[in-house]
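One letter stands for each residue in the lines below.
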Amino acid sequence: MPLNPPRRVIVAITGATGTIFGVRVLQMLQDTDVEAHLVLSRWAARTLVHETAHTVEEVEAMATRVYPLADQGAAISSGSFLTLGMIVVPCSMRTLAAIAHGLGDNLIHRAADVVLKERRRLVLAVREAPLSDIHLENMLKLSRMGVVICPPMPAFYNKPQSIDDLVSYTAARLLDQLDVHLDVRNRWTGLREAAR
């Protein structure tokens, strides 16, 4: 009998600036058939309340399931738990380094390690500027393993009218990397189409 597993995405939010991108990914997944399995780091919670008007409880309520950071026995720590992949958004340099070097000292790192070993898609929305040689070497190491390094960079060809537009477009592009394609206003159609 063929297995039709639910469509699931692991969303990890770390303490780097840009927690609103992680929030928007969760908001966008709410109106889909894709389950959002969420892990927040301790510093993500601090950054979230500093940068946004959201509470940790509000953000956790956007997810299908929430896991404590220290729960190494969580479903997402096993390769037998089927997912489309994982997005770490934003991804701190500490998390990048831990993933690049196989350190599984919390559930975010362990879940990413599982995604790598199962050859599923891992998307890292890395946040830091400027980048040191260490950051770049860690990114290159992971990119060579098939990890998508996707910093949340704004696009302007779609003529955003607000920061909210930039956040939504970036979140949709991150989800595109996991083949979760949402109807986003003003996707690129070419220069001739854009000029009309």
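Residue positions are given per chain, counted from 1 along the sequence in the order it is written. Totals for whole chains, interfaces and linings use every residue, but because this is a predicted model, local features are given only for residues with pLDDT of at least 70 and side-chain atom pairs only at 80 or more, for both listing and counting. To get the side-chain values, take all heavy atoms of the structure and skip hydrogens and water.

K.L.:
Tell me about the pattern of salt bridges, residues and numbers included.
P.N.:
When a carboxyl oxygen of Asp or Glu lies within 4 Å of a side-chain nitrogen of Lys or Arg, that pair is called a salt bridge. Tallied over the entire structure, the rule returns eight salt bridges. Note that Arg 7 and Asp 33 form a salt bridge whose closest N and O atoms lie 3.2 Å from each other. Here the residue Arg 7 occupies a position in strand E1 (residues 7–13), and Asp 33 occupies one in the loop between helix H1 (19–29) and strand E2 (34–40), the gap between them amounting to 26 residues. Exposure is judged per residue with a 1.4 Å probe applied to protein chains only, and the accessible area is read against the type maximum: over 50% gives exposed, under 20% gives buried, and values in between give partly exposed. Residue Arg 7 is classed as partly exposed on the basis of its relative accessible area of 32%. Each helix corresponds to a stretch of at least 4 residues labelled H or I by DSSP, and each strand to a stretch of at least 2 residues labelled E; elements are numbered beginning at the N terminus.

K.L.:
Could you give an account of the nonpolar core, naming the residues involved and the relevant values?
P.N.:
Val 11, Val 25, Leu 26 and Leu 29 are the most contacted members of the largest nonpolar core, which has 32 residues in total. Among the elements of the structure, E1, H1, E2, helix H2 (42–51), helix H3 (56–61), strand E4 (85–91), strand E5 (121–126) and helix H7 (163–176) are those that each provide at least two residues to this core. The leading source of residues in this core is H1, at six residues. In what follows, residue pairs with any heavy atoms lying within 4.5 Å of each other are defined as contacts. Apart from residues lying up to four places away in sequence, Leu 29 is in contact with Val 9, Val 11, Val 34, Ala 36, Leu 175 and Val 180. Here, the term nonpolar core denotes a set of buried Ala, Val, Leu, Ile, Met, Phe, Trp, Tyr and Cys residues that are joined through side-chain atoms within 4.5 Å. Counting 26 residues, the second-largest nonpolar core is a separate cluster that includes Ile 10, Ala 12, Ala 74 and Met 139.

K.L.:
Got a sec to walk through the sheet that holds strand E6 (residues 148–149)? Specific residues and values, please.
P.N.:
What the six strands build is an open sheet, ordered E3-E2-E1-E4-E5-E6; its pairing is parallel. This sheet does not close on itself; its edge strands, each paired only once, are strand E3 (65–67) and E6. Here E5 pairs with E6 via two bridges, running parallel. When the sheet's bridge partners are listed, Val 123 is paired in E6 with Val 148. Strands are treated as partners if at least two bridges between them are detected by DSSP.

K.L.:
I'd like a rundown of the packing of H1 against H7, residues and numbers included.
P.N.:
Angles run from 0 to 180 degrees between N-to-C directions of axes, and those axes are lines fitted to C-alpha atoms, restricted for helices to the stretch in contact. Direction vectors running N to C along H1 and H7 enclose 70°, while the axes themselves pass 9 Å from each other. One finds that H1 runs roughly perpendicular with respect to H7. Considering only the axes of H1 and H7, their crossing is right-handed. Between H1, through Ile 20, Phe 21, Arg 24, Val 25, Met 28 and Leu 29, and H7, the contact on the second element is made entirely by Asp 164, Val 167, Ser 168, Thr 170, Ala 171, Ala 172, Leu 174 and Leu 175. Note on residue classes: Ala, Val, Leu, Ile, Met, Phe, Trp, Tyr, Cys and Pro are nonpolar, Asp, Glu, Lys and Arg are charged, and everything else, Gly too, is polar. When its residues are assigned to classes, the contact of H1 with H7 shows ten nonpolar, two polar and two charged. Roughly parallel covers angles under 35 degrees, roughly antiparallel covers those over 145, roughly perpendicular covers 65 to 115, and oblique covers all other angles. Left-handed is the label given to a crossing in which the near helix is rotated counterclockwise from the far helix by less than a right angle, and right-handed is the label when the rotation is clockwise.

K.L.:
Outline the packing of aromatic side chains, supporting the account with residue identities and numerical values.
P.N.:
Here a Phe, Tyr or Trp ring, Trp counted by its six-membered ring, pairs with any other such ring whose centre lies within 6.5 Å, and the pair is stacked when the planes are under 30 degrees apart, edge-to-face when over 60, and tilted otherwise. Under the defined criterion, the tally for this structure stands at one aromatic pair. Centroid distance Tyr 157 to Tyr 169: 5.9 Å. Interplanar angle 90°. Geometry classified as edge-to-face. With Tyr 157 in the loop between E6 and H7 and Tyr 169 in helix H7, this residue pair connects regions lying twelve residues apart in the sequence. Each ring is checked for a lysine NZ or an arginine CZ that lies within 6 Å of its centre and within 35 degrees of its normal; such an atom marks a charge sitting over the ring. The side chain of Arg 8 reaches across the aromatic face of Phe 81, ending 4.0 Å from its centre.

K.L.:
Any chance you could break down unusual backbone geometry for me, citing the residues and the numbers?
P.N.:
With glycine set apart, most residues show a phi of negative sign, and most peptide bonds adopt trans. That bond from Val 89 to Pro 90 is cis: its omega, -10°, falls within 30 degrees of zero. By the secondary structure assignment, Pro 90 is in strand E4. Cis geometry is found at the peptide bond from Ala 129 to Pro 130, where omega equals -10°. Within the chain, Lys 159 stands out as a residue other than glycine whose phi angle is a positive 50°. Residue class for Lys 159 comes out exposed when judged on its relative accessible area of 58%.

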